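# A closer look at the structure
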Amino acid sequence: MSIQSLIEADRKHLIHPVINYRAHEARGVTVLESADGAFLRDANGNELLDAFSGLWCVNVGYGQQSIVKVAAEQMARLPYATGYFHFGSAPAIELAEKLVALSPASLQHVYFTLGGSDAVDSALRFITHYFNATGRPTKKHIIALERGYHGSSAVGSGLTALPVFHRNFDVPLPNQHHIPSPYAYRNTFPDDAALIAASVAALEAKVAALGAENVAAFFCEPIQGSGGVIVPPAGWLKAMRETCRKLDILFVADEVITGFGRTGPLFACEAENVEPDLMTVAKGLTSGYAPMGAVLMSDAVYQGIADGDPVASVGHGHTYSAHPVSAAIGLEVMRLYHEGGLLANGLANGPRFAQGLDALLAHPLVGDSRHRGLLGALELVADKNTKQGFDASLKLPDRIAAAAYKNRLVFRAFGDNILGFAPALSYTASEFDLLFERLEKTLDDVLAEPEVRAALRVKSGVAA
Ligand SMILES: Cc1ncc(COP(=O)(O)O)c(C=O)c1O
């Protein structure tokens, strides 16, 4: 098929995730054709530096031939094995054992899903089942963070707190609640301790208002990803976990983005010795080479469900739960993180990534730089003093994405003028140099557009 025919067929038939349908029809798809290491190649032969690891998932980089090999071998040996009827497969069992060994000590059991949304959905179902099975059926309310993202399943989308995931979808549900995000840049807390205390107080107040006997769990991302890479201060995660323990509600860490070396250690929870009751993971679990997610569960929750009924089945399952090809890929990806040195490479490059982002604070468009490990963001503002953003009519994210593409760089330009970055753990020093060279040029190019310059000048009172 020619590129033009592909674009036409896409326009007619393929529904894309999280997009304005009419805008996509008008613009047309950008067809990607191949990838290697940190680079993507589009159907026109343009080579693009990927600073977002696909969708914060290809943590090991593209073209890892050892993954291709194990996947092909597993497909030839056993392409599918159901987990129903007491069947299983070696790769899935081995991966479950490995995840338990590598994750916080509280987590002892693993249910595999196809991605993050159904991991969150599964966690919610398990939590509901657990409280019913253990004789506490009033515990049904769930609390999450404003600006949080927990996928787009029918129920999980209500825990997500981003407006487009709610609009016309009739969520949040009446039992879903949100407390303020730990967003240092857009708050005026005198220090980190005050921010942490405010989050703890907000959770305590919400639980008090609902009654602890009615609250099942608190969900959070250790660093909020899709909400704009909101990096809470060190100690925040631990404080929220301990507050949940005190309030007798379950603490669920959604590590779909932060897991698998993205923030430095294998899991963000590890950095603060946080032991969640449940953890959801996906993305870096298979580095995007095949779909897979998981819910990791504490022994207490597992035993509560297991003891719930002596004969009835726990009616939760997916045809592709614990898929052997995805699991074989997951095992090889874990080997690349550890024995393959990628976790160490990501850790070693954290300071270079941080320095590159922080240096751009000097740019007229950049109001904030925030990061942990290889997860980071720049927030663009029209006025650095007042932190005032740009008017939506300027369509700054579209301008940024277009300029970045011209400069052969891919990252995420969020709707509210936050730029998200998640380079692969395999990035070399020269790839970081290229990333920041192209990023600075992109910001300069956008600033050179008269409408952008005018918006900056008017709001900041700076003469052109
Ligand atoms: C924290 C978090 N949870 C859940 C999800 C949903 O995962 P998926 O897109 O694989 O369904 C995402 C996706 O970005 C995520 O960032």
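Because the structure is a prediction, the values reported are computed rather than measured.

Along the chain, Ser 226 falls in the loop between strand S7 (215-220) and helix H10 (236-247). Residues within four places of Ser 226 in sequence aside, it is in contact with Trp 56, Tyr 149, Leu 162, Glu 221, Ile 257 and Phe 414.

Let's shift gears to the environment of Gly 350. For Gly 350, the location among the structural elements is in helix H14 (residues 342-359). A residue is classified by how much of its surface remains accessible, and Gly 350, at 11% relative accessible area, is buried. For the pair Gly 350 and Gly 63, spaced 287 residues apart in the sequence, the C-alpha separation amounts to 23 Å. Discounting residues that sit within four places of it in the chain, Gly 350 has contacts with Gly 373 and Leu 374.

So, about the sheet that holds strand S1 (residues 32-36). The mixed open sheet is built from four strands, whose spatial order is S1-S2-S3-S13. Each edge of the open sheet is held by one strand with a lone partner, namely S1 and strand S13 (409-410). Two elements, S1 and strand S2 (residues 39-42), share four bridges in a ladder whose sense is antiparallel. Bridging across to S2, Asp 36 finds its partner in Phe 39.

This part takes up the site of the ligand. The environment of the ligand is formed by Gly 115, Gly 116, Ser 117, Tyr 149, His 150, Gly 151, Glu 221, Asp 254, Val 256, Ile 257 and Lys 283. Gly 116 places a main-chain nitrogen or oxygen 2.8 Å from an oxygen atom of the ligand. Within the side chain of Asp 254, an N or O atom sits 2.8 Å from a nitrogen atom of the ligand. Summarising the interface, the protein chains cover 83% of the accessible area of the ligand, which totals 390 Å² for the free molecule. In the shell around the ligand, the residues fall into three nonpolar, five polar and three charged.

The residue Met 297 is located in strand S10 (residues 293-298) in this model. Along the sequence, Met 297 and Arg 399 sit 102 residues apart, while their C-alpha atoms lie 43 Å from each other. Leaving out residues up to four positions away in the same chain, Met 297 has contacts with Ser 106, Leu 107, Gln 108, His 109, Phe 126, Asp 277, Leu 278, Tyr 302 and Ile 305.

Turning our attention to unusual backbone geometry. Following Val 171, the chain continues to Pro 172 via a peptide bond in cis, the omega torsion being 5°. Within the element layout of this structure, Pro 172 appears in the loop between helix H8 (163-166) and strand S6 (176-179). Of note, the phi angle at Phe 85 is positive, near 50°, even though the residue is not glycine. By secondary structure assignment, the location of Phe 85 is in the loop between helix H4 (65-77) and helix H5 (90-102). Non-glycine residue His 86 carries a positive phi angle of around 70°. Note that His 86 resides in the loop between H4 and H5.

About the cut-offs
- Residues numbered from 1 in each chain as written.
- Predicted model: local features only at pLDDT ≥ 70, side-chain atom pairs only at ≥ 80, totals over all residues.
- Heavy atoms only, no water.
- Helix = DSSP H or I, 4+ residues; strand = E, 2+ residues; numbered from the N terminus.
- Contact = heavy atoms within 4.5 Å.
- Buried < 20%, exposed > 50% of the residue type's maximum accessible area, 1.4 Å probe, protein only.
- Pairing = 2+ DSSP bridges.
- Near = heavy atom within 4 Å.
- Polar contact = N/O pair within 3.5 Å; in protein donor to acceptor, adjacent residues only side chain to side chain.
- Areas by Shrake-Rupley, 256 points an atom, 1.4 Å probe, with all protein chains shown as cover.
- Nonpolar A, V, L, I, M, F, W, Y, C, P; charged D, E, K, R; others polar.

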